Protein chains: 2
Amino acid sequence: MPHTTGTCFGVGIGPGDPDLITLKGVAILQSADLIAWPAPDEGPSLARAIAAPHIPAATPEYPIIVPMRPDPAMAEAVFKRAASDLAGHLRQGKNVAVLCEGDPFFYGSFISIYTHLAPNFSCQIIPGISSLHCASALLKQPLGQRNDRVSVIPAGLDNSQLAHMFQQAECCAIIKLGRHWPRVRDLLREQKLDPYVQIICHASHDRERILDFKTAAMMELPYFSILLLVRPDSKSVPIES
Amino acid sequence: MPHTTGTCFGVGIGPGDPDLITLKGVAILQSADLIAWPAPDEGPSLARAIAAPHIPAATPEYPIIVPMRPDPAMAEAVFKRAASDLAGHLRQGKNVAVLCEGDPFFYGSFISIYTHLAPNFSCQIIPGISSLHCASALLKQPLGQRNDRVSVIPAGLDNSQLAHMFQQAECCAIIKLGRHWPRVRDLLREQKLDPYVQIICHASHDRERILDFKTAAMMELPYFSILLLVRPDSKSVPIES
């Protein structure tokens, strides 16, 4: 690869609060030749809004328009096309920063772009504060102490997989609740785990809301909700404060 | 609680690279009235070294001397004493920042201090980049995509628990390897999972080292090692780069 080829940086910009980006992330954004970010096809880009204070006015930007509620193949085509466009810039020796909500490699759409670019280009990942650690901080719920097992469980798994995971780790984070919430809720009740649950929606955003199980049980929950289940046998005992 | 009481901030300072602290973390350190940090009874404090560029020269500091290789009860007594001392400062209306390597609530000793202080004082957690996300970034190994389950597994668990966890999550991070490594190594071989393993020691520190299974198998590994096991049925497929 010629020495003039640029580097692609996946920059974790954290969960929402613009001050939860790292110094390293800010430095990359300030020196990048091009800043790319995902956006829905309707409405503004959340990632760009989070990173806005750190994007120099003169730096060119590249929006990656991801259709809302896409099927995976449709999104994949978008990311493939974006990677191909970004590759053109990298070949010209430009350094490209891609904004990633949370952490780039933790359930992030950047993984698709990375998969296309990594075989041919220098790539660096700048880790970010994930929704996992943000939820734990805001709920004031320690996650993992001594020999605790911590599992991150997408809510879209089937009931038997979910029930099994709940029994296997002292601390569980159930992510992407959204339309799966009624089913997850009923399962937690059946397993008598509802007393050990805390929920946060849109963590560290304007619309942030903290809910106990009883309140959440009567509601619909957005996709960007995270549920922490910390069993009483955990060393990360919940604190009454 | 009177309005003059100070707040205790658990500040995640990230895994080692001083630039992997958040802007929010830096702001808290620059405005705190007292900065506390853990240190071994011999040698310098790693936490203080990481945060050193952000500690104002005039800010008083409070070292928490934790005996090396303590039994949990001994460490617990140290943290209880520290919490009691910090409580004295909080009662005087001072804001206290406690430095926490990685994330404060992810296997951190800050959890002990928090447990003592939270019932009586205002506490805030500033999340940090955990060793989990740092290892994933440096190993260039995505962790979690679509419906992948991600489990964090302390190496000190017994073999049957470990083997079970390996089968239950597409992505596993085994932490605190140290003296447990020979046993974990043999178990991974037995389960024919060794081709899917990457290891990093002292991630983002001067002594950082990335190892494949074959190389690591002939070595002793330090306590601060993390092993990522990403099964081929994961959506976070390893990238050949």
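Criteria and thresholds
Residues numbered from 1 in each chain as written. Chains lettered and ligands numbered in written order. Predicted model: local features only at pLDDT ≥ 70, side-chain atom pairs only at ≥ 80, totals over all residues. Heavy atoms only, no water. Helix = DSSP H or I, 4+ residues; strand = E, 2+ residues; numbered from the N terminus. Rg over C-alpha atoms; globule rule 2.2 N^0.38 Å. Contact = heavy atoms within 4.5 Å. Areas by Shrake-Rupley, 256 points an atom, 1.4 Å probe, with all protein chains shown as cover. Lys, Arg positive; Asp, Glu negative; His and termini not counted. Charge placed at Lys NZ, Arg CZ, Asp CG, Glu CD. Buried < 20%, exposed > 50% of the residue type's maximum accessible area, 1.4 Å probe, protein only. Buried area = accessible area lost by both parts, 1.4 Å probe. Salt bridge = Lys/Arg side-chain N within 4 Å of Asp/Glu carboxyl O. Polar contact = N/O pair within 3.5 Å; in protein donor to acceptor, adjacent residues only side chain to side chain. Nonpolar A, V, L, I, M, F, W, Y, C, P; charged D, E, K, R; others polar. Pairing = 2+ DSSP bridges. Phe/Tyr/Trp six-rings, centres within 6.5 Å; stacked < 30°, edge-to-face > 60°.

**Student:** Looking at this structure, how should I read the overall build of chain A?
**Tutor:** The secondary structure content of chain A amounts to 8 helices and 10 strands. Taken over the C-alpha trace, chain A has a radius of gyration of 19 Å; the compact-globule value for 241 residues is 18 Å, and the two agree within 12%. Projected onto its principal axes, the C-alpha coordinates of chain A cover approximately 60 × 35 × 35 Å. If you take every contact in chain A between residues at least 6 apart in sequence, the share linking residues at least 24 apart comes to 71%. Roughly 10200 Å² of accessible area belongs to chain A as shown, and the carbon and sulfur atoms make up 52% of that amount. The distance from the centre of the 21 positive side-chain charges to the centre of the 23 negative ones in chain A is 3 Å.

**Student:** I would appreciate a short explanation of helix H6 (residues 159-168) of chain A in the present structure.
**Tutor:** Because an α-helix packs 3.6 residues into every turn, residues spaced three or four apart end up facing the same way. When we look at burial in H6(A), the residues that qualify are Leu162(A), Ala163(A), Met165(A), Phe166(A) and Gln168(A). Each element contacted by the buried residues of H6(A) is listed here: strand S6 (150-154), strand S7 (171-175), helix H7 (181-190) and strand S10 (225-230) of chain A together with strand S6 (150-154) and helix H6 (159-168) of chain B.

**Student:** Explanation requested: the interface of chain B and chain A in the structure shown.
**Tutor:** How big an interface is tends to be stated in terms of the accessible area lost upon association of its parts. Every contact between the two is made by 57 residues of chain B and, on the other side, 57 residues of chain A. When the two sides are added together, the surface that chain B and chain A hide from each other amounts to roughly 5000 Å², 62% of it contributed by carbon and sulfur. Interface area lost by chain B to chain A is led by Leu23(B), His133(B) and Arg149(B), which between them contribute 13%. For the interface between chain B and chain A, the tally reads 2 salt bridges. As a salt-bridge pair, Asp17(B) and Lys24(A) come within 3.0 Å of each other at their nearest N and O atoms. The tally of links from chain B across to chain A stands at 26 residue pairs in polar contact (both at pLDDT 80 or more). Residue assignment for the side of chain B that touches chain A shows that the elements contributing at least two residues are helix H1 (23-31), helix H3 (72-91), helix H4 (110-117), strand S5 (122-126), helix H5 (131-138), S6 and H6 of chain B. For the side of chain B that touches chain A, the class distribution of residues is 27 nonpolar, 19 polar and 11 charged. Here S6(A) pairs with S6(B) via 3 bridges, running antiparallel. Among the inter-strand pairings, Val150(A) is bridged to a residue of S6(B), identified as Val152(B).

**Student:** Is there a simple way to think about the environment of Thr115(B) in this case?
**Tutor:** All names here are of chain B. Within the secondary structure, Thr115 is located in helix H4. Looking at Thr115, the relative accessible area reads 32%, which means it is partly exposed. Separated by 35 residues in sequence, Thr115 and Lys80 place their C-alpha atoms 9.2 Å apart.

**Student:** I tried to follow the packing of aromatic side chains on my own but got confused; where do I start?
**Tutor:** We describe a pair of aromatic rings using the distance from one ring centre to the other and the angle between the two ring planes. Residues and elements named next belong to chain B. Scanning the model with the defined rule gives 12 aromatic pairs over all chains in all. Seen from their ring centres, Phe105 and Tyr114 are 5.0 Å apart, and the 80° between their planes marks the pair as edge-to-face. Judged by relative accessible area, which is 1%, Tyr114 ranks as buried. Consider the rings of Tyr223 and Phe224, whose centres lie 5.2 Å apart with planes at 85°: the pair is edge-to-face. By relative accessible area, Tyr223 is classed as partly exposed at 47%.

From the geometry alone we can't say anything about function, so treat these as descriptive.
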